[in-house]
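# Chains, contacts and geometry: an overview
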Amino acid sequence: MLGFILKFVLTAGLVYGLSMVMPGVALGGFSSALILVLVLGLLNAVVKPILKILGFPITILTLGLFLLVINVIIVKLADFLMDSFDVHGLLNALLFSLALSVVNAVVDLVID
């Protein structure tokens, strides 16, 4: 349980740091980062599998590159659902999702 809380807080801190470093990404504060991590987790658990099933033929045709588009859709949905999180443009959403994937991989390596 402590590992889960540590991952959650560390991911929120790194998401807040990413929003400060990346142009085109604005986040209200650390509390907004905590909420964003929850929203992204829920979207990844509920919406992403549906999008993967629907986009499976396109994913096969593009050799997996369509999964990047699905990640952009998830980030833009989080942008739509939260007032305190704003991503300007699809390219910034793509860069944010890629950076967030790298950050999550590093957190998983450190904590696990």
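Residues numbered from 1 in each chain as written. Predicted model: local features only at pLDDT ≥ 70, side-chain atom pairs only at ≥ 80, totals over all residues. Heavy atoms only, no water.

- In the annotation of an unreviewed UniProt entry, the protein chain is listed under the name Phage holin family protein and assigned to Hymenobacter monticola.

## Overview of the pattern of salt bridges
- Counted under the stated rule, the structure contains two salt bridges.
- Here Lys7 ties to Asp108 by a salt bridge, and the two come within 3.3 Å at their closest N and O atoms. Of this pair, Lys7 sits in helix α1 (residues 2-21) while Asp108 sits in helix α5 (residues 90-111), and the two are 101 residues apart along the sequence.
- The exposure class assigned to Lys7 is partly exposed, which follows from its relative accessible area of 22%.
- Looking at Asp108, the relative accessible area reads 37%, which means it is partly exposed.
- Across the pair Lys76 and Asp79 runs a salt bridge, and its minimum N-O distance is 3.5 Å. Within this pair, Lys76 and its partner Asp79 are both found in helix α4 (residues 66-81), separated by three residues, close to a single helical turn.
- Judged by relative accessible area, which is 25%, Lys76 ranks as partly exposed.
- Owing to a relative accessible area of 13%, Asp79 belongs among the buried residues under this scheme. (Salt bridge = Lys/Arg side-chain N within 4 Å of Asp/Glu carboxyl O. Helix = DSSP H or I, 4+ residues; strand = E, 2+ residues; numbered from the N terminus. Buried < 20%, exposed > 50% of the residue type's maximum accessible area, 1.4 Å probe, protein only.)

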